[in-house]
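Chain residues, written in single-letter form:
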Amino acid sequence: MILAFDGSSIDGSAYTDVVDLARRSPGWLDDLVSAWSTYGLAVFAVLMAVAWWRARRVSAAAAVIALAAPVVVVAGYGVDAALKLVVREDRPCQSLHVATLEACPAPGDWSFPSNHAAIAAAAAVALLFVSRRLGAVAVVAACAMAASRVWVGAHYPHDVAAGVVVGALVAALAMVALRRRPDSLVRWIAGTRLRPLLATS
């Protein structure tokens, strides 16, 4: 038997309220939220690609900062995944035994913090350092992603809140450190086969 933390005492009632609302909502809305919850992370990849494409036309340093965004997102995911293994919180659908839009994961697929929320928040914060306009779009998308994970029944509200904090914090710290001294990375990349990624016109 796997010993795991039961987070239902924190905001289980809020979770069940959201899940009940999802069950009573129109099918088209549930389908839309479910699709976003499942595939929405691809939007952040597109935004990061667009940010890099624009940044490379500004300067090599700007291109490096844009190229760092996906690396920072991976780092945010790694920190979030490590926390999952430490906290070991059961999924709410397992603890509360409620019907959800998303199939309930198997035991051992921990809930806290939300990986989706962490990835989305890390991408949004990283993009803010590259382009305020694209970053603003990503912030809205990240909020929608976090909310969708509760709506489909995959996470408690505190799971997604923690995921957002983890992803945003990792991204902010990494991007601040990088933005202070991007020149060394520019020189390193310029000396490798990745040099075309810094090209400007």
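Residues numbered from 1 in each chain as written. Predicted model: local features only at pLDDT ≥ 70, side-chain atom pairs only at ≥ 80, totals over all residues. Heavy atoms only, no water.

K.L.:
Please clarify how the overall build of the chain should be interpreted in this entry.
P.N.:
Along the backbone of the chain there are nine helices and zero strands. For the chain, the α and β elements follow one another from N to C terminus as α-α-α-α-α-α-α-α-α. Principal axes of the C-alpha set define a box for the chain whose edges measure 55 × 40 × 25 Å. Burial statistics for the chain: of 201 residues in total, 42% are counted as buried. Expressed as a percentage of contacts within the chain between residues at least 6 apart in sequence, the contacts between residues at least 24 apart total 80%. (Helix = DSSP H or I, 4+ residues; strand = E, 2+ residues; numbered from the N terminus. Buried < 20%, exposed > 50% of the residue type's maximum accessible area, 1.4 Å probe, protein only. Contact = heavy atoms within 4.5 Å.)

K.L.:
What am I meant to see in the confidence of the model for the chain here?
P.N.:
Caution applies to low-pLDDT regions: their predicted coordinates should not be interpreted in detail. Predicted confidence across the chain gives a mean pLDDT of 88, with 91% of residues reaching 70 or more. Within the chain, no element has a lower average pLDDT than helix α9 (residues 183-190), which sits at 68, and none a higher one than helix α6 (residues 115-128), at 97. (pLDDT = per-residue confidence, 0-100.)

K.L.:
What is the right way to read the environment of P26 from this model?
P.N.:
The residue P26 is located in the loop between α1 (8-24) and α2 (27-39) in this model. Take P26: its relative accessible area is 39%, and that puts it in the partly exposed class. As a C-alpha pair, P26 and V46 span 20 residues in sequence and 29 Å in three-dimensional space.

K.L.:
Help me out: how do you make sense of the environment of L47 in this one?
P.N.:
Relative to the helices and strands, L47 resides in helix α3 (residues 41-55). A sequence separation of 77 residues divides L47 from A124, and the C-alpha atoms of the two residues are 9.2 Å apart.

K.L.:
How should the state of the cysteines be read in this particular structure?
P.N.:
A covalent bond between the sulfur atoms of two cysteines is referred to as a disulfide. Here the structure, examined in full by the defined rule, presents one disulfide. Between C93 and C104 runs a disulfide, and the two sulfur atoms are separated by 2.1 Å. Its torsion about the S-S bond being 85 degrees, the disulfide of C93 and C104 is classed as right-handed. One end of the pair, C93, is in helix α5 (residues 92-95); the other, C104, is in the loop between α5 and α6, and 11 residues separate them in sequence. For C93, a relative accessible area of 7% corresponds to the buried category. (Disulfide = S-S within 2.5 Å.)

K.L.:
Which parts of the structure should I look at to understand unusual backbone geometry?
P.N.:
Glycine aside, negative phi is the norm for most residues, and most peptide bonds take the trans geometry. In the segment running from F112 into P113, the intervening peptide bond is cis, with an omega of -10 degrees. Here P113 is to be found in the loop between α5 and α6. Positive phi outside glycine occurs at R88, with the angle close to 55 degrees. Phi at H97 is positive, roughly 55 degrees, even though this residue is not glycine. Residue placement: H97 occurs in the loop between α5 and α6. Owing to a relative accessible area of 68%, H97 belongs among the exposed residues under this scheme.

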